[in-house]
Amino acid sequence: MKALIVIDMQNDFIDGALGTAEAVLIVPNVKKKIQAHLAAGGTGIYTRDTHTEDYLSTQEGRNLPVVHCIKGTPGWEIADGIYVDGCQIVDKPSFGSTELPKILAEIPNLESIELVGLCTDICVISNAMILKAAFPEVPITVDSSCCAGVSPESHENALKAMAVCQIKIA
């Protein structure tokens, strides 16, 4: 079974509080990737950055003082047309999810893992590294045309860092 992990394709990261022009541009690519993956019989898992009203008092909030992805707000929601019914959503309070490896470990005959989403240089790389540590023998790919970073430069730096760690960049 092939797994597609859709990282934080939420309104606040696309065109909301932390949105970028690059994030808006990848939305059609992500939609096509999800449709093709599921049509081929793969499984899809979504992560959702999830914070509470006290976000600014957390370590992340003190270092990134932009209120975003507050549970229950429009910015927290996965963007229209991205989520496919029946796929699992994992709420995560920080950059990387420690739940993803547990979920993926339950998939029989896990052949490969592919990641797409936002932000390449924060949450995509964090989850890719967690998954590489948990599944060192499972091929992991990041589709660069379906990711965007905080800036184009930090996106490229993250892709290079993941490639050095034997994560395939497509």
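Residues numbered from 1 in each chain as written. Predicted model: local features only at pLDDT ≥ 70, side-chain atom pairs only at ≥ 80, totals over all residues. Heavy atoms only, no water.

### Here we look at the environment of Lys31
So the rule is basically this: Secondary structure counts use DSSP, requiring at least four H or I residues in a row for a helix and at least two E residues in a row for a strand, with both numbered from the N terminus. Between buried and exposed lies partly exposed: a residue is buried under 20% and exposed over 50% of the maximum accessible area for its type, with that area taken using a 1.4 Å probe on protein chains only. Here, two residues are considered to be in contact whenever any of their heavy atoms come within 4.5 Å of each other.
Along the chain, Lys31 falls in helix H2 (residues 21-39). Owing to a relative accessible area of 29%, Lys31 belongs among the partly exposed residues under this scheme. It is 9.7 Å that separates the C-alpha atoms of Lys31 and Val84, two residues lying 53 residues apart in sequence. Setting aside anything within four residues of it in sequence, one finds Lys31 in contact with Asp80, Gly81 and Ile82.

### What to know about the pattern of salt bridges
As a reminder of what qualifies: A carboxyl oxygen of Asp or Glu within 4 Å of a side-chain nitrogen of Lys or Arg is what we treat as a salt bridge.
Throughout the structure, instances matching the rule amount to six salt bridges. With a closest N to O distance of 2.6 Å, Asp91 and Arg48 form a salt bridge. With Asp91 in strand E3 (residues 88-92) and Arg48 in strand E2 (residues 43-49), this residue pair connects regions lying 43 residues apart in the sequence. Assessed through its relative accessible area of 12%, Arg48 is described here as buried. The closest approach of N and O atoms between Glu99 and Lys102, which form a salt bridge, is 3.4 Å. Linking Glu99 with Lys102, this pair stays in helix H4 (residues 99-105), spanning three residues, or about one helical turn. Among the charged side chains, a salt-bridge network with shared partners connects Asp8, Asp49 and Lys92.

### Regarding the nonpolar core
A general trend in soluble globular proteins is that nonpolar side chains are found buried together. As a reminder of what qualifies: We call a set of buried Ala, Val, Leu, Ile, Met, Phe, Trp, Tyr and Cys residues a nonpolar core when their side-chain atoms join them within 4.5 Å.
Ranked by internal contacts, the top residues of the largest apolar core, which has 26 residues, are Ile5, Leu104, Ile113, Leu115, Leu131, Val142 and Met162. When residues of this core are assigned to their parent elements, the largest contribution, five residues, is made by helix H5 (residues 120-134). Leave out the neighbours within four places in its chain, and Ile5 touches Ile45, Thr47, Leu100, Leu104, Ile113, Glu114, Leu115, Val116 and Leu131. Counting 22 residues, the second largest nonpolar core, distinct from the first, contains Leu4, Ile26, Tyr46 and Leu118.

### Things to note about helix H6 (residues 152-164)
Our working rule: Here the expected span of a helix is defined as 1.5 Å times the quantity of residues minus one. Taking the helix axis as origin, the arc is that swept by the directions to the C-beta atoms.
If you check H6, its first and last C-alpha atoms are 19 Å apart, about what 13 residues at 1.5 Å a residue would give, namely 18 Å. Within H6, the full set of buried residues consists of Ser154, His155, Ala158, Leu159 and Met162. Axial view of H6: buried residues confined to an arc of 140°, hence all on one face. Those residues of H6 that are exposed and angled more than 90 degrees off the buried face are Glu153, Asn157, Lys160 and Val164. Those residues of H6 that are buried lie in contact with H5, strand E5 (140-148) and strand E6 (168-169). Among the residues trailing H6, Gln166 stands out with phi positive, at a value near 65°.

### A look at the sheet that holds E2
Keep this limit in mind: When DSSP finds two or more bridges between two strands, those strands count as paired. A fitted line through C-alpha atoms represents every axis, and for helices the fit uses only the stretch in contact; the resulting angles, taken between N-to-C directions, go from 0 to 180 degrees.
On the basis of which strands lie adjacent, the open sheet formed by six strands has the order E3-E2-E1-E4-E5-E6 and parallel pairing. Single-partner strands in this sheet number two, and they are E3 and E6. Alignment of strand E1 (residues 2-7) against E2, held across five bridges, turns out to be parallel. The residue of E2 that forms the bridge with Ala3 is Thr43. Packing against the sheet, H5 makes contact with E1, E3, strand E4 (112-118) and E5, and its axis sits at approximately 165° to E4. Strands in contact with H6 are E5 and E6; relative to E5, the strand with the most contacts, it is inclined by about 175°.

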